[in-house]
Amino acid sequence: NAGVTQTPKFQVLKTGQSMTLQCAQDMNHNSMYWYRQDPGMGLRLIYYSASEGTTDKGEVPNGYNVSRLNKREFSLRLESAAPSQTSVYFCASTREFYEQYFGPGTRLTVT
Amino acid sequence: GENVEQHPSTLSVQEGDSAVIKCTYSDSASNYFPWYKQELGKGPQLIIDIRSNVGEKKDQRIAVTLNKTAKHFSLHITETQPEDSAVYFCAASFTGNQFYFGTGTSLTVIP
């Protein structure tokens, strides 16, 4: 039981490049989330998916797209990376009103 | 949407002393309040949570209190140990699917 896994762990992009962050969970959870974490700002929700086939915007969705590929996988795509997207990205999953399990994070730098 | 404020942003205590972290929330509909511990380089991990039908919950050295009237909840850590040093986040939810996080408290326990 691996919990929530994220790839890659680290990434450096140039402005304008695109990339996809991958997330998978093996706990049969319905809900999955993408957050970004910036110093002094806590965790801010980018997108979430309450169930397979549905996605909803969170607090800071601009510049990102997501895909809930199946119940296990939820990917986050940056189409044209900007320096403001330099951050640590966390994927999480949960059953409703139960513990959120977080992945180890992806540290992204955009130069 | 919900707004969660967390204080203090940094906290230093002597080993064996108690630590208290406070959060306030704005939406009276919020009914689930988890606390997370984040160690350096890792994702947040749930340490305790409380639902709105309960005023206090304890788990060994950790306790959480909730005052629904005042819309605030607090984390209490007694007999602190060096391994308690980490960043702590509070959160609030009223849907069970979307969570709003505080900005975090960096706790240092001085041996």
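Provided above is the structure to which this section pertains.
All of these numbers come straight from a predicted model, not from anything done at the bench.

Asker: Please explain the state of the cysteines as it appears in this structure.
Answerer: Two cysteines joined by a covalent bond between their sulfur atoms form a disulfide. Residue and element names in this part refer to chain A. Under the defined criterion, the tally for this structure stands at two disulfides over all chains. Bridging C23 to C91, the disulfide has an S-S length of 1.8 Å. Of note, the bridge from C23 to C91 carries an S-S torsion of about -70° and is left-handed in sense. Taken together, the positions of C23 in strand β3 (residues 19-25) and C91 in strand β9 (residues 87-94) put the pair 68 residues apart, joining distant regions of the chain. Overall, the relative accessible area of 4% leaves C23 in the buried class.

Asker: How should the sheet that holds strand β3 (residues 19-25) of chain B be read in this particular structure?
Answerer: What links the strands of a sheet is backbone hydrogen bonding, and the strands pair in either a parallel or an antiparallel sense. Residues and elements named next belong to chain B. Strands sit in the order β1-β3-β8-β7-β6 across an open sheet of five strands; the sheet is antiparallel. A single partner strand is all that each edge strand has here, and the edge strands are β1 (4-7) and β6 (56-59). For this sheet, the mean inter-axis angle between neighbouring strands, taken without regard to orientation, is 15°. Pairing between strand β7 (residues 62-67) and strand β8 (residues 72-77): six bridges, direction antiparallel. Paired with I62 across the bridge in β8 is I77.

Asker: Before we go on, may I ask you to explain the sheet that holds strand β7 (residues 64-68) of chain A in this structure?
Answerer: All names here are of chain A. Strand order across the open sheet formed by four strands is β1-β3-β8-β7, with antiparallel pairing between neighbours. The open sheet has two edge strands with one neighbour each: β1 (4-7) and β7. Neighbour-to-neighbour, the strand axes of the sheet open up by a mean angle of 15°, direction not taken into account. One ladder, built from four bridges, connects β1 with β3; its direction is antiparallel. By the bridge assignment for β3, Q6 is matched with C23.

Conventions we followed
- Residues numbered from 1 in each chain as written.
- Chains lettered and ligands numbered in written order.
- Predicted model: local features only at pLDDT ≥ 70, side-chain atom pairs only at ≥ 80, totals over all residues.
- Heavy atoms only, no water.
- Disulfide = S-S within 2.5 Å.
- Helix = DSSP H or I, 4+ residues; strand = E, 2+ residues; numbered from the N terminus.
- Buried < 20%, exposed > 50% of the residue type's maximum accessible area, 1.4 Å probe, protein only.
- Pairing = 2+ DSSP bridges.
- Axes fitted to C-alpha atoms, helices over the stretch in contact; angles between N-to-C directions.

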